[in-house]
Amino acid sequence: MYIQFNRVQKSISAFEYNILERTPYSVCETIGFEKTSFGTISLKGQLKNTKIQLNINSKFGNRIQEGAVYKELCGDFSLDNRTGSIFYCGKKGSNFLNGIYFWSFVLNGEIYNTYEVGFGRKGIYLCVWKDDQLIAIISKKTHTKKFESNYSIYAENCQDFEFLIVINAYWDISRYFISSSGEEWHTLNTWQKELKNKYDPEFIPRIKAMDGITD
């Protein structure tokens, strides 16, 4: 499965997300977001007849320690009657330089861990893992204009469509939200071996071949 996911400027102070079909590249779905009076960012919309809501907390919850990993509640979401929680997680390394950070999405008791991996300006990726298996990679366009963001989602299974949109929206809002600069060049260099190993360079080409994408 391949889809494009873009944050576009609707007006001077309003933005929305457009989900684009591959052929032709036209908008097939649109969802909007707003900031509540309590500082929480809320996103609501409907995708393929599924009602979605994403709430991003302005403050993290209490820290929970689970072995070498700690996690803090940072948001929640729903897909129709399915509900989930989002945790910001840290894992200790052998020293303070090689610890890693990631996000964990828990949906109906199932855990999806997502890892941000960067190769300078060559690419920034969010790798989605479930049960020790890579199921999706979201690629961010490093050069953005007009306060907008552009992403490509590559996934094994089209049944994960709505959930991956929630993950992508959270990543965009929490890491690459609108700044004071209308044009930006994003860069990220990942040096931790454990994080780098979360990215499989053969995954995206394989999904492109499956979907007949030649560009």
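Residues numbered from 1 in each chain as written. Predicted model: local features only at pLDDT ≥ 70, side-chain atom pairs only at ≥ 80, totals over all residues. Heavy atoms only, no water.

### Focus: unusual backbone geometry
Moving on, step 1. Here the phi dihedral of D80 falls at roughly 55°; this positive angle occurs in a residue that is not glycine.
Moving on, step 2. Mapped onto the secondary structure, D80 falls in the loop between β7 (69–79) and β8 (82–91).
Moving on, step 3. Take D80: its relative accessible area is 44%, and that puts it in the partly exposed class.
Moving on, step 4. Backbone geometry places N108, a non-glycine residue, at a positive phi of 50°.
Moving on, step 5. With respect to the helices and strands, N108 occurs in the loop between β9 (100–107) and β10 (110–120). (Helix = DSSP H or I, 4+ residues; strand = E, 2+ residues; numbered from the N terminus. Buried < 20%, exposed > 50% of the residue type's maximum accessible area, 1.4 Å probe, protein only.)

### Things to note about helix α1 (residues 161–175)
Moving on, step 1. Under the 1.5 Å per step criterion, the end-to-end length of α1 is 21 Å for 15 residues, consistent within 8% with the ideal 21 Å.
Moving on, step 2. Burial within α1 is extensive, with 13 of its 15 residues counted as buried. (Expected span 1.5 Å × (residues − 1).)

### Considering the confidence of the model for the protein chain
Moving on, step 1. With 87% of its residues at a pLDDT of at least 70, the protein chain reaches an overall mean of 85.
Moving on, step 2. Mean pLDDT across the elements of the protein chain ranges from a minimum in strand β3 (residues 27–35), with 62, to a maximum in strand β11 (residues 124–130), with 97. (pLDDT = per-residue confidence, 0-100.)

### Considering the layout of surface pockets
Moving on, step 1. Space inside the largest pocket adds up to approximately 390 Å³.
Moving on, step 2. Taken together, 22 residues make up the lining of the largest pocket; nearest its centre are G99, I100, Y101, Q192 and L195.
Moving on, step 3. Elements that contribute at least two residues to the lining of the largest pocket include exactly β8, β9 and β16 (188–189).
Moving on, step 4. It is β9 that provides the largest number of residues to the lining of the largest pocket, a total of four residues.
Moving on, step 5. Here the residues of the lining of the largest pocket sort into 11 nonpolar, seven polar and four charged.
Moving on, step 6. Size it by volume and the second largest pocket reaches roughly 280 Å³.
Moving on, step 7. Lining the second largest pocket are 15 residues; nearest its centre among them are F102, S104, I111, N113 and Y115. (1 Å grid on protein atoms, 1.4 Å probe; cavity = no way out; pocket = protein on both sides within 12 Å on 5 of 7 lines; lining within 4 Å. Points joined across faces, edges and corners; volume = space filled by probe spheres on them. Nonpolar A, V, L, I, M, F, W, Y, C, P; charged D, E, K, R; others polar.)

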